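Below are the chains, spelled out letter by letter.
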Amino acid sequence: MTRRIALLVPILILLLLAGCASGPRSTSGSSDTIVPSKIEPRYDIAPGRDDATVALMRASPPPTEPVLGSSGESGGEAALVAQGYVRIGTGRYPMDEAAAREAALRQGQQVGAERVLFHVEHAAAADAWIADFYVRFKLPFGATFRDLSAKERQLLGRDGGVEIGSVISGTPASRANLIAGDYVFEIDGLPIADRAAFQSGLKRSAGRAVTLTVVRNGETLKRMVRIGAMPGADR
């Protein structure tokens, strides 16, 4: 009997050591399910979107609660950008969907977000949810613009300039009656070489009115635009 006990002791010790090496396991379900390590929720501020900049550039006071939507509905981020919204930060929430939505709404209230786009990080397994937070900015200019092609410059008889793209309502560009398809060749009588030069000219003119020389349907027009304040990283 004593000999049998002596033989069983090493075996029991080996079994106990094997159980310890396998790590923590779930208290329910299969005994082979390992409990994952806890990952805390995280919020990252977008570059150039610190609290002071957001407070300076926001078009209206923070709402009581942001509007929560999905990144896949109604055009998602592209639709918000077209309305003048700017992403100010992103949150990651490794929890179930209901808890993640509540956490995203609380985060949105803390940062003064107006819109929140919510989506799952991995399509196959909803192990973490992502929320992007947006605030509508007072856009300094409020329109997109692009360089002219060599062919366009030749047809227009110009060495530089830009073409206006989409114009956001309620912005300086909109109030100056600029429309998509306008060609802009001068700021206060100074020629515009290209898109980069036009962007620099707008930044130099922040906070004051400038006169743009515009060609629309072959007609040369003058449009006065009051440029707004520029954030650290503008569109």
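The model shown is predicted, which means the values in this text are computed figures rather than measured ones.

**Q** I would appreciate a short explanation of the pattern of salt bridges in the present structure.
**A** Where side chains of opposite charge bring their charged atoms close, a pairing between them can arise. With the rule as written, the count across this model stands at seven salt bridges. Among the ionic pairs, E97 bridges to R101, the shortest N-O distance being 3.1 Å. Taken together, the positions of E97 and R101, both in helix α4 (residues 97-111) and four residues apart, correspond to about one turn of that helix. Residue classification places R101 among the partly exposed positions, given a relative accessible area of 31%. Several salt bridges share partner residues, and in doing so they unite R146, E152 and E163 into one network.

**Q** When you look at helix α7 (residues 195-204) in this model, what are you seeing that I'm missing?
**A** Residue pairs spaced three or four apart in an α-helix point in one direction, given the helix's 3.6 residues per turn. Residues of α7 that are buried: F198, Q199, G201 and L202. Within α7, the buried residues cover an arc of 160 degrees as seen down the axis, which keeps them to one side. Opposite the buried face of α7, at more than 90 degrees from it, the exposed residues are A196 and R204. Considering only its buried residues, α7 is in contact with β6 (143-147), β7 (162-167), β8 (183-187) and β10 (209-216).

**Q** For this particular structure, what's the right way to read the pairing of strand β3 (residues 85-93)?
**A** For a regular strand, the rule is simple: side chains alternate between the two faces of the sheet. Burial runs high along β3: seven of the nine residues are buried. Note: strand β1 (residues 42-45) against β3, four bridges, orientation antiparallel. Within the sheet, the bridge partner assigned to Y43 lies in β3 and is G91. In terms of strand pairing, β3 meets strand β5 (residues 129-136) through eight bridges, oriented antiparallel. Bridge assignment links T90 to a residue of β5, and that residue is D132.

**Q** Is there a simple way to explain the environment of V86 in this structure?
**A** Position of V86 relative to the elements: it lies in strand β3. Overall, the relative accessible area of 14% leaves V86 in the buried class. Along the primary structure V86 and L139 are separated by 53 residues, whereas in three dimensions their C-alpha atoms are 9.8 Å apart.

**Q** Quick question: what am I supposed to make of the confidence of the model for the protein chain here?
**A** Low-confidence regions, as indicated by low pLDDT, have predicted coordinates that should not be scrutinised in detail. For the protein chain, per-residue confidence averages 82 on the pLDDT scale, and 77% of positions sit at 70 or higher. For the protein chain, per-element mean pLDDT is lowest for helix α1 (residues 2-21), which scores 48, and highest for β8, which scores 97. Every residue in residues 11-37 scores below 50 in pLDDT, and together they form ten contacts with partners more than four places removed in sequence or on other chains.

Reading the values: the criteria
- Residues numbered from 1 in each chain as written.
- Predicted model: local features only at pLDDT ≥ 70, side-chain atom pairs only at ≥ 80, totals over all residues.
- Heavy atoms only, no water.
- Salt bridge = Lys/Arg side-chain N within 4 Å of Asp/Glu carboxyl O.
- Helix = DSSP H or I, 4+ residues; strand = E, 2+ residues; numbered from the N terminus.
- Buried < 20%, exposed > 50% of the residue type's maximum accessible area, 1.4 Å probe, protein only.
- Arc of directions from axis to C-beta.
- Contact = heavy atoms within 4.5 Å.
- Pairing = 2+ DSSP bridges.
- pLDDT = per-residue confidence, 0-100.

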